[in-house]
Amino acid sequence: MSKFRTVVVGAGFIGPVHVEGLRRAGVTVAGVVDITPERSLAASTNLGLPSDIRTFEDAINDPTIDCVHLTTPNRFHFEQAAAALKAGKHVVCEKPLAMNSTESAELVRLAAESGRAAAVNYNLRFYPLAHEAAARVRSGSIGNLVHVVGSYVQDWLLRVTDFNWRVVAEDGGELRAVADIGTHWLDLIQFITGKHITSVCADLRTVYPTRQRPVGEVETFSGGGGAQAATEPINITTEDCGSVMLRFEDGANGCLWVSQTTAGKKNCLRYELAGSDQSLAWNSESPNVLEIGNRDKANESLLRDPSLMDSSAAAISNYPGGHNEGFPDTFKQLFKTFYGYIAKGDLTAPAPFPTFADGHREILLCEAILKSHRQRSWVDVDGTSAS
Ligand SMILES: NC(=O)c1ccc[n+]([C@@H]2O[C@H](COP(=O)([O-])OP(=O)(O)OC[C@H]3O[C@@H](n4cnc5c(N)ncnc54)[C@H](O)[C@@H]3O)[C@@H](O)[C@H]2O)c1
């Protein structure tokens, strides 16, 4: 892996998580860049990285760089991913892939034209028990998919004074809670079930139509413990919470609840997936346990253990059972999979990671969800109204 030289673009909350994951995957991190050369230097010094690459342009114009990871705010993803692909770099882009489906469709086209590998960082698929659940659905052990319910809830935007660029539509996109965290759930469930969501019916709500924005920048997940800063009012159009009813391509149905205003829930993704023979349930705050529900015998609880799991799940699990693997490990495993795929040399082979096509489909889903909410009706994911 060390033959690959990668630059991480964006050194806020998740950029350093990428640096750590890349290092643990054995990839050479050739630099980290931020919005100014000064901030790039500070970040590379802080992370113990080389500092000769100071800008995004330095990174994509450097022929020794193989890949860029885009960990910038959402509104930069399209222009940076397009420029990196045109410069011949492989790309790992944070979610959401772009601000709208026109942009994401163009990125799918550019990725195909470039012949480079292009991933969207839906990292939650790379919890080993997500691969285990997918293998169980594939093998038929749960029977036919009947329905799926679940949620992704947080509390970091609970108060009217909580603020981040994500709450502003121009910076994060018109959808917020659904696009920021709901799409992780939607990607995970479609990955596990192997089924696309075809229709949605959404009811969204902005709890605070006006928030108090601190004068100055606020880091993601910086918490509320600091001194009270001066604030100014700002109108908010993006949703804090909402529910989305779902229909899958095979007739299964379900429901997702998303909230960034649930006190006490930090990053809590849950699902309950019901098959005609068994159910599977999982909670990201206890990610090493998969609950298996039975009708005619006692329920089971699978504690993550490579020796007890499907080979696809064992392959992305590096520690023996009982030693917890968590959020940072999902980045390492996605990156090992992504660079391992490139190393094999056949970029026409099916990609074992979330692709730009997956990222585009998530944006089509988001657009259908927003349209459904505004129309107060069911909407098909391709944009047409469902019966
Ligand atoms: N996969 C996940 O679990 C996960 C988690 C958090 C965030 N994210 C995604 O990662 C992205 C970044 O989120 P974050 O929470 O780290 O945000 P952040 O605000 O904490 O960090 C963004 C960084 O990008 C820098 N930046 C802004 N414009 C830039 C530019 N043009 N060029 C280079 N750097 C620039 C900022 O200065 C900042 O340091 C978002 O798209 C978000 O959705 C994904």
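Residues numbered from 1 in each chain as written. Predicted model: local features only at pLDDT ≥ 70, side-chain atom pairs only at ≥ 80, totals over all residues.

S.K.: Residue-level account of the packing of helix α5 (residues 101-114) against helix α11 (residues 356-375), with values.
M.R.: Remark: α5 packs on α11, axes separated minimally by 9 Å, with the N-to-C direction vectors making an angle of 165°. Regarding the angle of α5 to α11, the classification is roughly antiparallel. Note that α5 runs across α11; the crossing there is left-handed. The residues of α11 that touch α5, namely those facing S101, S104, A105, L107, V108 and A111, are F356, A357, G359, H360, I363, L364 and E367. A per-class count over the contact of α5 with α11 returns eight nonpolar, four polar and one charged. (Axes fitted to C-alpha atoms, helices over the stretch in contact; angles between N-to-C directions. Helix = DSSP H or I, 4+ residues; strand = E, 2+ residues; numbered from the N terminus. Parallel < 35°, antiparallel > 145°, perpendicular 65-115°, else oblique. Left-handed = near helix turned anticlockwise from the far one by under 90°. Contact = placed C-beta atoms within 7 Å. Nonpolar A, V, L, I, M, F, W, Y, C, P; charged D, E, K, R; others polar.)

S.K.: Help me get a handle on unusual backbone geometry, residues and values and all.
M.R.: Between K95 and the following residue, P96, the backbone shows a cis peptide bond with an omega angle of -10°. Along the chain, P96 turns up in the loop between β4 (90-93) and α5. Residue R376 is not a glycine yet carries a positive backbone phi of 55°. Checked against the element boundaries, R376 lands in the loop between α11 and β16 (379-380).

S.K.: Describe the domain arrangement of the protein chain, and please don't skip the residues or the numbers.
M.R.: On domain assignment, one finds that the protein chain holds domain 1 (5-124 + 345-349) and domain 2 (127-324 + 364-372). Relative to domain 2, the C-alpha centre of domain 1 lies at a distance of 24 Å. At the interface, eleven residues of domain 1 touch 18 residues of domain 2. (Domains from an automatic or database assignment.)

S.K.: Explain the environment of L273 residue by residue, including any values.
M.R.: One can find L273 in strand β12 (residues 268-275). C-beta crowding within 10 Å serves as the criterion here: with 25 such atoms nearby, L273 is assigned to the buried category. Note: C-alpha distance between L273 and A98 (175 residues apart in sequence) is 29 Å. The contact partners of L273, leaving out residues within four places of it in the chain, are V148, I192, T193, S279 and L280. (Buried ≥ 20, exposed ≤ 12 C-beta atoms within 10 Å, placed from the backbone.)

S.K.: Now, about the pairing of strand β11 (residues 253-259): what can you tell me, with residues and values included?
M.R.: Direction of pairing for strand β6 (residues 145-153) relative to β11: parallel, over a ladder of seven bridges. Paired with V149 across the strands is C255, a residue of β11. Pairing of strand β10 (residues 241-248) with β11 involves seven bridges; the strand directions are antiparallel. The residue bridging R247 from the neighbouring strand is N253, located in β11. With antiparallel pairing between neighbouring strands as the criterion, β10 and β11 make up a hairpin whose turn holds four residues, including G251 at a positive phi of roughly 100°. (Pairing = 2+ DSSP bridges.)

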